[in-house]
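Here is how the chains run, residue by residue.
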Number of protein chains: 2
Amino acid sequence: MELRLFRYCVAVAEEASFTRAAARLRIAQPALSRQIKAVENEIGFALFQRGLRGVTLTEPGRVLIASARTVLAEAEAAVQKARRAGRGELGLLRIGFTASASFNPFVTGAIRDFRTTYPDVEVELIEEATSFLLERFATGRLDVAFLRPAPGEVDHLLSQRAVAEPLVVAMPSGHKQAGRKSVSLASLADDAFILYPRPNGRALFDSIVSACQAAGFSPKILQVAPQLTSVVNLVATGIGVSIVPRSMAQVSTDGVVYRPLIHAPQAEITLVRRNQPEPRSAVLFAELVRSRASRPAEMLPDAADDRRTASRKAPRPSRRKPGKSTRTRRR
Amino acid sequence: MELRLFRYCVAVAEEASFTRAAARLRIAQPALSRQIKAVENEIGFALFQRGLRGVTLTEPGRVLIASARTVLAEAEAAVQKARRAGRGELGLLRIGFTASASFNPFVTGAIRDFRTTYPDVEVELIEEATSFLLERFATGRLDVAFLRPAPGEVDHLLSQRAVAEPLVVAMPSGHKQAGRKSVSLASLADDAFILYPRPNGRALFDSIVSACQAAGFSPKILQVAPQLTSVVNLVATGIGVSIVPRSMAQVSTDGVVYRPLIHAPQAEITLVRRNQPEPRSAVLFAELVRSRASRPAEMLPDAADDRRTASRKAPRPSRRKPGKSTRTRRR
DNA sequence: GAGACCCATACCTCCAGGGTATGGAGAGGC
DNA sequence: GCCTCTCCATACCCTGGAGGTATGGGTCTC
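One structure accompanies this document, and this report is about it. (Residues numbered from 1 in each chain as written. Chains lettered and ligands numbered in written order. Predicted model: local features only at pLDDT ≥ 70, side-chain atom pairs only at ≥ 80, totals over all residues. Heavy atoms only, no water.)

## Brief notes about the protein's contact with DNA strand D
Surveying the vicinity of DNA strand D reveals 22 residues, the closest of which are Ala28(A), Leu52(A), Thr19(B), Lys37(B) and Arg50(B). The sugar and phosphate moieties of DNA strand D supply 67% of its atoms located within 4 Å of the protein. At a separation of 3.4 Å, a phosphate oxygen of DNA strand D approaches a polar side-chain atom of Gln35(A). Between DNA strand D and Arg50(B) there is a distance of 2.6 Å, counted from a phosphate oxygen to a side-chain nitrogen or oxygen. Mapped onto the surface near DNA strand D, the elements with two or more residues apiece are α1 (3-15) and α3 (29-43) of chain A together with α2 (18-25) and α3 (29-43) of chain B. Grouping the amino acids of the surface near DNA strand D by side-chain chemistry returns 10 nonpolar, six polar and six charged. (Near = heavy atom within 4 Å. Polar contact = N/O pair within 3.5 Å; in protein donor to acceptor, adjacent residues only side chain to side chain. Helix = DSSP H or I, 4+ residues; strand = E, 2+ residues; numbered from the N terminus. Nonpolar A, V, L, I, M, F, W, Y, C, P; charged D, E, K, R; others polar.)

## A closer look at the pairing of strand β4 (residues 121-127) of chain B
Residue and element names in this part refer to chain B. Summarising burial for β4: six of the seven residues are buried, a large majority. Relative to β4, strand β3 (residues 91-97) runs parallel, the two sharing seven bridges. Each bridged residue has a counterpart across the sheet, and for Leu-93 the counterpart in β4 is Val-123. (Buried < 20%, exposed > 50% of the residue type's maximum accessible area, 1.4 Å probe, protein only. Pairing = 2+ DSSP bridges.)

## Re the side chain of Glu2(A)
By the element assignment, Glu2(A) lies in the segment before α1. A polar side-chain atom of Glu2(A) sits 2.9 Å from the main-chain amide nitrogen of Leu3(B). Engagement of the side chain of Glu2(A) in a polar contact is seen with the side chain of Arg7(B), the distance being 2.6 Å. Other than its neighbours up to four places away in sequence, Glu2(A) contacts Glu2(B), Leu3(B), Arg4(B) and Arg7(B). (Contact = heavy atoms within 4.5 Å.)

## A short note on the packing of helix α6 (residues 105-117) of chain B against helix α10 (residues 280-293) of chain B
Residue and element names in this part refer to chain B. It is at 10 Å that the axes of α6 and α10 come closest, and there the two elements cross at 130 degrees. If you check the angle between α6 and α10, you find them oblique. Here α6 runs over α10; the crossing is right-handed. Judged by residue contacts, Pro-105, Phe-106, Gly-109, Ala-110, Ile-111, Asp-113, Phe-114 and Thr-117 of α6 engage Ser-281, Leu-284, Phe-285, Leu-288, Val-289, Arg-292 and Ala-293 from α10. (Axes fitted to C-alpha atoms, helices over the stretch in contact; angles between N-to-C directions. Parallel < 35°, antiparallel > 145°, perpendicular 65-115°, else oblique. Left-handed = near helix turned anticlockwise from the far one by under 90°.)

Take a look at the structure:
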């Protein structure tokens, strides 16, 4: 059974006449008669009651035509949906980001912006360490990602600068420098540094270490925190200080204060995406990020909003559509 | 776009290979390649990412295949449903009956029985006077009906005897014969008779009149009741008596008593159906009625059940399926 | 009874879907 | 490094079935 036959049946039913239906279908009446007969043979029952003034539907005819209409409509809809998917307006986009990027209002704002601009694209959020994100790219399990790549780490992928933010010091509130308005790296030469493992995020690790070396010392590293958020908690215990991207200051933990660094190095967040079988939605996302990046942060209402609400209880009043979901994965 | 192309796309997606899919579809691989390419041209985007070891779906491909599967399944289901409709197991059956027949447990039992046996046949119940039912047959707006035809009235239709029941007297409870166990027609010679208009039901009217004449008198007819149920209410007012089918005794109204007639005439209910473009479900219904009619009433659990519950508040605990409905029309 | 209308049958045409042969490109084995 | 295998694409040919024309049969209308 082919859709053509469904179309013919519907036409005959609507015109209540083989002759008129054939005219509408731009085929000859005998051809139509034969095709309808073929359908009736396949069904095993007459679909039309041939009368003297046209035809009427039999009961199986009524039932078939009712279904045929929906089948035809859905077939057409399937093609349209595929086209939309081709344009990137519909489908699935897997967005990865590192824990440190997830606190950046530019990143969260871009994702939210994308979801409202393209509501039919299902967004899957994947928070993982840079190394795992890159592994996902290699195996095709990720479309775009915000991360902080080390030099050369993403040469095989398309990448574009998304946003930069200065690093700040996170220190116990009882630290001797805690009273200062800003802190120089050199003054932390004797402190223990809490960082997370270098393999999980080479770029940030290396830039912190090299900034210290530029300030004239090699940091004493207590490399114990698996997650970025646990770094802050460890700082709160007083065992050491840390250097984190400024947006981490949103995580206001009792016993931790954040202070700007004098001559602070910038930590860049890069948007990376696959280049070979690249879904169009990833291109749309990259374009959206690019246009956001070209605007100053103050002009981004979402980002500003994000910063204000970040420390509150429900930072994101997500009114999600039924049927659409934003899945989030963490390791 | 034809279903064949959907089938091809699904096969390629499932096999992840043009070669294997072609083998499964029993066509040559180049033919399949060409057809898929045609689809991709129509969509405007590649559906498959050609790799070295087979192919993978692109995003528009994923979207199309997901829809294609449901379209294919529904197309197949449409054919199956039409076949079922042809066998009478699915569709619409319009069952008519007169008011007097609607009180007969055989009739209601048969309808209920049909609904449980063929749950996918939507039953439309139409309660109208015999004359209107016959008019509906003439214009094809009815499939089967329970009625009491006058001689020759249904010769152009298929008809079969369904059930017979004796006539009984309905009289005011203060009537002088009310105390008797059974009543002879002759003893009612001086009473006024409440009947409904002859054109609405010639058969019953005529059989009552001729029974009276056989008993030696012409009834004085107060012909004022448009509905059968109002006959009973009028009897309750004390202005006269009536002769009704025994199953009407279910309508227990204060002030009315029913008494068997001595040598009571039988009132037959006939099942009538169209013969020309007859839906198969009407045949199934007629067969069901025929098999019920061949069994004695005592062996019909539904009928017995019906009689017991008829005078209660909710005579029919209709647990109807969602989506299916039993429509009822009255004039 | 002639004409109109409508669907069915008979027979012919032609193109699209399918087949065979072959090419090209990358992966893997020796 | 070359051969081979795998897999998809291209080129070209063939055939079945969809579609066209001519015509017939039945019924209603005028």
